[in-house]
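For reference, the chains in residue letters:
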Amino acid sequence: MAINSTKRITELESQAQLVNGVRYLRYVFYFYAFISFAFWFLNCFEVDLFWANWLFIGPYRFVRNFYSVDGVSIDFSLAIIGIISLIIGGIIDFTCNKMYDKFLDEADEEERKMEQRKLRRRKTVVKPIDASSPAVNNSINPFEDSKLLFLIQPHINKIKKKENDIELTFQEVEVWRKRVNAKVLEGVSYSKPMQRGYYRKNLFLLYKDFYYVEDFVYYIKPTMESIINEFKRYGILVKFNYVLSSITSIDNLEKELDCMDTILSLDFTNEYIVTSRFKATYDNKPVRKYNLKMKGEYNLSKNLSVTNRQPLYSLEDAPVRGEEE
């Protein structure tokens, strides 16, 4: 099932790219419309353009099937050809945009369904524990089964060299977003996450050992910087929002991702924001390489009638020994 879903997603993305390529055909018809109007205007002033007649032989004959020039002072054949070319270009643009959006939406939906199936398969049955048992109280560390959860959101913009540069279309942003996510996955492949996927189009990584966090952050920072610099060469400005948290059970994955997704909307660009759950787990670590700086308390409830203020922190490098004030 997973192989079929992956194959289907690849097919849909390939079809989207094909349609996106066909869409550029509209420029051919727009250009043909332009020269049709230009030559028609020149013909009105009886400019001899016999050398360019071959450009219009086919369309001219077609137009003459339903348009007669007998008894008229101005021949509008070329103008009609220009109008038809504009309409065809517009139809190609509209149709390709609709098909492109449809293929991308289907790919995202298939990707979402695939991740949901993975979540269902990975859910584990937890046996009830007698909390009153002395053996349990003396032997269980509440943080030892914590897992590291990372959610990342790229923001894609065009680097404008002139004030009148055209912004990226929604479709172009989606294409670049997929390329950026692919680079991120390539950059973190060394870390071998126990699970990876997309939550509302944002990439998440799950690691079975929370205390891998320090090595992870150490390597992820230069990886993200190299990706940002790489896309600058293509004229694309990439900024990231990051959130880190911890969970003790896969059953809580979707709920925690939903909370982290709300934190992404606060738009702390290029900062590694961590949750209070992360802090509680990280503070249990005997030796800590990073500092957690309080950002403030924020309402993380998506229900506007409910207030759910929670503290958020920024993960920062600890000062080098000797540099502390």
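Residues numbered from 1 in each chain as written. Predicted model: local features only at pLDDT ≥ 70, side-chain atom pairs only at ≥ 80, totals over all residues. Heavy atoms only, no water.

A. Region of the structure containing the pattern of salt bridges. Enumeration over the complete set of coordinates arrives at 13 salt bridges. One salt bridge in this structure joins glutamate 174 and lysine 201, with 3.6 Å as the shortest N-O distance. With glutamate 174 in helix H6 (residues 170–187) and lysine 201 in the loop between strand E2 (195–199) and strand E3 (202–207), the pair connects residues that are 27 residues apart, well separated along the chain. By relative accessible area, glutamate 174 is classed as buried at 5%. The class of lysine 201 is partly exposed, set by a relative accessible area of 32%. One continuous salt-bridge network, built from bridges that share partners, spans Glu174, Arg177 and Lys201. (Salt bridge = Lys/Arg side-chain N within 4 Å of Asp/Glu carboxyl O. Helix = DSSP H or I, 4+ residues; strand = E, 2+ residues; numbered from the N terminus. Buried < 20%, exposed > 50% of the residue type's maximum accessible area, 1.4 Å probe, protein only.)

B. The arrangement of the packing of H6 against helix H7 (residues 213–232) in detail. Running from N to C, H6 and H7 point in directions that differ by 145°, and their axes come no closer than 10 Å. Like other packed secondary-structure pairs, H6 and H7 cross with a definite hand, here right-handed. Contacts between H6 and H7 involve Trp176, Arg179, Val180, Lys183, Val184 and Gly187 from the former and Thr223, Met224, Ile227, Glu230 and Phe231 from the latter. For the contact of H6 with H7, a count of residues per class yields 6 nonpolar, 2 polar and 3 charged. (Axes fitted to C-alpha atoms, helices over the stretch in contact; angles between N-to-C directions. Left-handed = near helix turned anticlockwise from the far one by under 90°. Contact = heavy atoms within 4.5 Å. Nonpolar A, V, L, I, M, F, W, Y, C, P; charged D, E, K, R; others polar.)

C. Geometry of the pairing of E2. Side-chain alternation along E2 places Gln195, Gly197 and Tyr199 on a buried face and Arg196 and Tyr198 on a face that remains uncovered. In the sheet, E2 pairs with E3 via 5 bridges, with the strands oriented antiparallel. Bridged to glycine 197 within E3 is phenylalanine 204. The turn linking E2 back onto E3 is made up of 2 residues, and arginine 200 within it adopts a positive phi angle of 50°. (Pairing = 2+ DSSP bridges.)

D. Representation of the nonpolar core within the structure. Judged by nonpolar contacts, the single largest core of 35 residues is most densely connected at Phe150, Phe216, Met224, Phe240, Leu244 and Phe278. At 8 residues, H7 tops the list of elements feeding residues into this core. Sequence-distant contacts of leucine 244, defined by excluding residues within four places in its chain, comprise Leu148, Leu149, Phe150, Val213, Phe216, Val217, Met260, Tyr272, Ile273, Val274, Thr275 and Phe278. By size, the runner-up hydrophobic cluster in this structure holds 18 residues, among which are Leu151, Phe204, Ile247 and Met260. (Core = buried A, V, L, I, M, F, W, Y, C linked by side-chain atoms within 4.5 Å.)

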